[in-house]
Amino acid sequence: MTPSATHDPPSSASPARPRILVPEKVSPDGLALLTPHFDVDNRLGLSAEDVISLIPQYHGLIVRSETQVTVNVLQAGKKLRVVARAGVGVDNIDVSTATTQGIIVVNSPAGNIVAAAEHTVALLLATARNLGRADGTVKNGAWERSKLVGVEVGSKTLGIIGLGKVGMNVARMAKGLGMEVVAVDPYASADIARQAGVQLVPSLKDLLPVVDFLTIHTPLLATTLDLIGEEELKKMKKTARVLNVARGGVYNEAALLKALDEGWIAGAGIDVWSSEPPQEDSAAAKLSRHPKVVATPHLGASTVEAQENVSMDVCKQVLEILRGGLPTSAVNAPIIVPEEYRKLQPSVQLVEKMGRLYTQHFVRSKGGMMGRRRFELIYHGDLAGMTNTKPLFAALVKGLVASFSDSHVNIVNATLIAKEKGIVISETHSRQAEQPTFANLVTLRSYEAGSGGSEQVIEGYATDDRAYISKLDRFNGVFTPEGTLIILHNYDEPGKIGGVGMVLGAHGINIKFMQVASLDPHQQQLAAVQDEPVKGHEALMILGVMGPVSNDVLEGLKNSEGVLDVSLVKL
């Protein structure tokens, strides 16, 4: 029997058909799949208050980007079993609340891939040839050929941040234009990139100085917000142009405006904005009117074909879910038996944060790549007795790829995405006779393939409402993986805390909490056997901070006496 995708399948004894509310324009071809089985109400022009008042009657909700599916909507939807977004992003849906309400959130991550890639290339060509200004001047009766000399894109270098499905399509189209393509994505398959003629580089500092055009194709997360700011823009060629058909906010809009005004770069093509439409007098509004910017009103997915694709995709998933099946693109909670889900949910959140912590502490901050590393999830205590740990596997994949991929990971596609990204994960159920201190204890081990050394470890446990990390690499110390963290690897000696506090205080950064993690007892024994001097004793200092952490702050901490390394983690 197919596992149920919902907590309460419709009873065969009830004659009432499930109802679906569609408050936006959705392709009728998709809705036609639903009408034989459900009552579908396509009601356009509803206010936020209207949606809240109507939603208690409905089992499904299908939206695009205008309807805000807030906590109030979801809590009012007592019968809701699925919310479907006819598109890629789910920024307008409170996914966390939907998860706690047991509502499945689905989207169509593949429906507009080609449309988004084509629009990226359209903006690339438009910025290269000044098409926006040329069109405007001709319409205004001017003829300014000499002022609108452009550049050819053939033989130029395109840089891509995030080599997911959209990024790879852009790369292939750019190769067709005769461009050289370089990319940064620590999870991209080196073989697939090589076959597409894409050169992978380790980090932004290797990418930015060599590109003539730059495009970003990552989700908007804490780690990708303001990914390109003043410092990054100053590293680019003065003739370079930047493109954004991903998410508003991956470029710092104020910094981009300054870069165009100061001549650090030559132009920009922008389709997405931090606020849509851009708020008056904001940096986004000034960018949209800037003579060096080709601006479009979020048209990346606005093609007839893309709208039909996403409509058909999400309507098929809604049909499957309301009939008791599994979705293909769930973006929130993995779908399992409700009782198992309640037991696993705290650990699901823990493992995802362990994956994010691994990426940012061990990979991102050190500019590394993950192609040769292998991962092992070890379950202890009650978790070791759970038969269905697919949600934990999916949570780790989601955490590992979140910073550099536009992939939406769920229980259905986690294995496929892991394979695509070259991530190898094994799972071990520890059956030790001695019970661990915590019932939901998880160990994440990472090691280099074919090597007995270079092991990296994160260990944590979960309670009903909180996740904790209890071991990071060779160090023991309990802290909560939340918010912005600064992790310092330093010598354990007097005065270290005061020195770090002075650096942060000088930059106006408040410390929410601090935890010192000491060497694992086994490591201390090794140090004693080796007669290591006191200064050789190492520790980690984990700081939860408030305030923007700039590169100047990190450099100041790295230059503090006795500090061996610093990483910035945002969870």
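As named in an unreviewed UniProt entry, the protein is D-3-phosphoglycerate dehydrogenase, taken from Neonectria punicea. Taken verbatim from the UniProt record of the protein, the Subunit (unreviewed entry) comment is "Homotetramer." Reading the Catalytic activity (unreviewed entry) entry of the UniProt record for the protein gives the comment "(2R)-3-phosphoglycerate + NAD(+) = 3-phosphooxypyruvate + NADH + H(+)".

Caption draft 1: Looking closely at the overall build of the protein. Helix and strand content of the protein: 19 helices and 22 strands. Each of the 571 residues in the protein was classed as buried or not, and the buried ones make up 51%. Partitioning the contacts of the protein with sequence separation of at least 6, the portion at a separation of at least 24 is 69%. A total accessible area of about 25,900 Å² is found for the protein, and carbon and sulfur atoms account for 51% of it.

Caption draft 2: Region of interest: helix 15 (residues 390-401). Between its first and last C-alpha atoms helix 15 spans 17 Å; for 12 residues at 1.5 Å apiece the expected length is 16 Å, and the two agree. Counting buried positions along helix 15 gives 10 out of 12 residues, so the element sits mostly inside the fold.

Caption draft 3: Broad picture of helix 11 (residues 253-262). By the burial criterion, the buried members of helix 11 are Glu-253, Ala-255, Leu-256, Leu-257, Ala-259 and Leu-260. Looking at the packing, one finds that the buried side of helix 11 touches helix 10 (230-234), strand 10 (241-244), strand 11 (267-270), helix 12 (283-288) and strand 12 (293-295). Immediately downstream of helix 11, the backbone of Gly-263 shows phi near 80°, a positive value.

Caption draft 4: The sheet that holds strand 4 (residues 82-85), seen in detail. With parallel pairing, 5 strands are arranged side by side in an open sheet as 2-1-3-4-5. Of all the strands in the sheet, the pair left with one neighbour each is strand 2 (39-42) and strand 5 (104-106). On average, each strand axis in the sheet is tilted by 15° relative to the strand beside it, whichever way the strands run. The sheet contact formed by strand 4 and strand 5 spans 3 bridges and is parallel. The residue of strand 5 that forms the bridge with Val-83 is Val-105. Lying over the sheet, helix 13 (residues 304-322) contacts strand 1 (19-22), strand 3 (60-63), strand 4 and strand 5, oriented at roughly 170° with respect to strand 4.

Caption draft 5: Representation of the nonpolar core in the model. Grouped together as the largest cluster of nonpolar side chains are 46 residues, with contacts concentrated most on Val-397 and Ile-458. Ranked by the residues each element gives to this core, the list is headed by helix 14 (residues 338-363), at 9 residues. Ignoring any residue separated from it by four or fewer positions in sequence, one finds Ile-458 in contact with Met-354, Leu-357, Tyr-358, Phe-362, Val-442, Thr-443, Leu-444, Ile-469, Lys-471 and Leu-472. Core analysis: the next-biggest nonpolar cluster, separate from the first, contains 30 residues, Ile-161, Ile-228, Met-236 and Ala-240 among them.

Caption draft 6: Local environment of a nonpolar patch on the surface. Together, Ile-497, Ile-511, Met-514 and Val-516 make up an exposed nonpolar region whose accessible area comes to about 310 Å². Examining the composition of the nonpolar patch, we find that 3 residues originate from one element, strand 20 (residues 510-519), more than from any other.

Caption draft 7: Spotlight on the confidence of the model for the protein. Averaged over the protein, the pLDDT score is 86; the fraction of residues at 70 or greater is 88%. This stretch, residues 1-14, has a pLDDT under 50; its non-local contacts, to residues over four places away or in other chains, come to 23 contacts.

Caption draft 8: Focus on the sheet that holds strand 15 (residues 441-448). Taken in spatial order, the 10 strands of this open sheet run 14-13-15-16-17-18-20-21-19-22, and their pairing is mixed. With partners counted over all chains shown, the strands left at the sheet margins are strand 14 (424-429) and strand 22 (563-570), one partner each. Neighbour-to-neighbour, the strand axes of this sheet turn through a mean angle of 20°, independent of strand direction. Where strand 17 (residues 467-472) lies against strand 18 (residues 475-479), 3 bridges are found, and the strand directions are antiparallel. Each residue of the ladder has a partner; that of Ile-469, found in strand 18, is Phe-479.

Caption draft 9: Structural detail: the environment of Gly-547. On the secondary structure map, Gly-547 appears in the loop between strand 21 (538-546) and helix 19 (551-558). Residues Gly-547 and Ile-509, 38 residues apart in the sequence, show an inter-C-alpha distance of 5.2 Å.

Caption draft 10: Summary view of the side chain of Asp-271. Positionally, Asp-271 belongs in the loop between strand 11 and helix 12. No salt bridge forms around the buried Asp-271; measuring N to O, its nearest opposite-charge neighbour Arg-247 is 8.1 Å away. One polar contact links Asp-271 to His-119, side chain to side chain, over a distance of 3.4 Å. Within the structure, the side chain of Asp-271 is placed 2.6 Å from the backbone nitrogen of Leu-299, a separation counted as a polar contact. Not counting residues within four places of it along the chain, the set of residues in contact with Asp-271 comprises His-119, Leu-123, Asn-244, Val-245, Glu-276, Thr-296, Pro-297, His-298, Leu-299 and Gly-300.

Caption draft 11: Highlighting the pattern of salt bridges. Applying the stated rule across the entire model yields 17 salt bridges. Residue Glu-376 pairs with Arg-445 through a salt bridge whose shortest N-O separation is 2.3 Å. Taken as a pair, Glu-376 in strand 13 (residues 373-379) and Arg-445 in strand 15 lie far apart in primary sequence, 69 residues in all. The buried category is assigned to Glu-376, whose relative accessible area is 13%. The exposure class of Arg-445 is partly exposed, given its relative accessible area of 22%. Arg-445 is the partner of Glu-455 in a salt bridge, and the nearest nitrogen-oxygen pair spans 2.6 Å. A residue pair is termed long-range when its members are at least 10 positions apart, and Glu-455 in the loop between strand 15 and strand 16 (456-462) and Arg-445 in strand 15 qualify at 10 residues.

Reading the values: rules and limits
Residues numbered from 1 in each chain as written. Predicted model: local features only at pLDDT ≥ 70, side-chain atom pairs only at ≥ 80, totals over all residues. Heavy atoms only, no water. UniProt positions renumbered as here; feature names shortened; annotations may be inferred. Helix = DSSP H or I, 4+ residues; strand = E, 2+ residues; numbered from the N terminus. Buried < 20%, exposed > 50% of the residue type's maximum accessible area, 1.4 Å probe, protein only. Contact = heavy atoms within 4.5 Å. Areas by Shrake-Rupley, 256 points an atom, 1.4 Å probe, with all protein chains shown as cover. Expected span 1.5 Å × (residues − 1). Pairing = 2+ DSSP bridges. Axes fitted to C-alpha atoms, helices over the stretch in contact; angles between N-to-C directions. Core = buried A, V, L, I, M, F, W, Y, C linked by side-chain atoms within 4.5 Å. Patch = residues over 30% accessible without salt bridge, like charges linked within 9 Å, V, L, I, M, F, W, Y side chains within 5 Å. Salt bridge = Lys/Arg side-chain N within 4 Å of Asp/Glu carboxyl O. pLDDT = per-residue confidence, 0-100. Lys, Arg positive; Asp, Glu negative; His and termini not counted. Polar contact = N/O pair within 3.5 Å; in protein donor to acceptor, adjacent residues only side chain to side chain.

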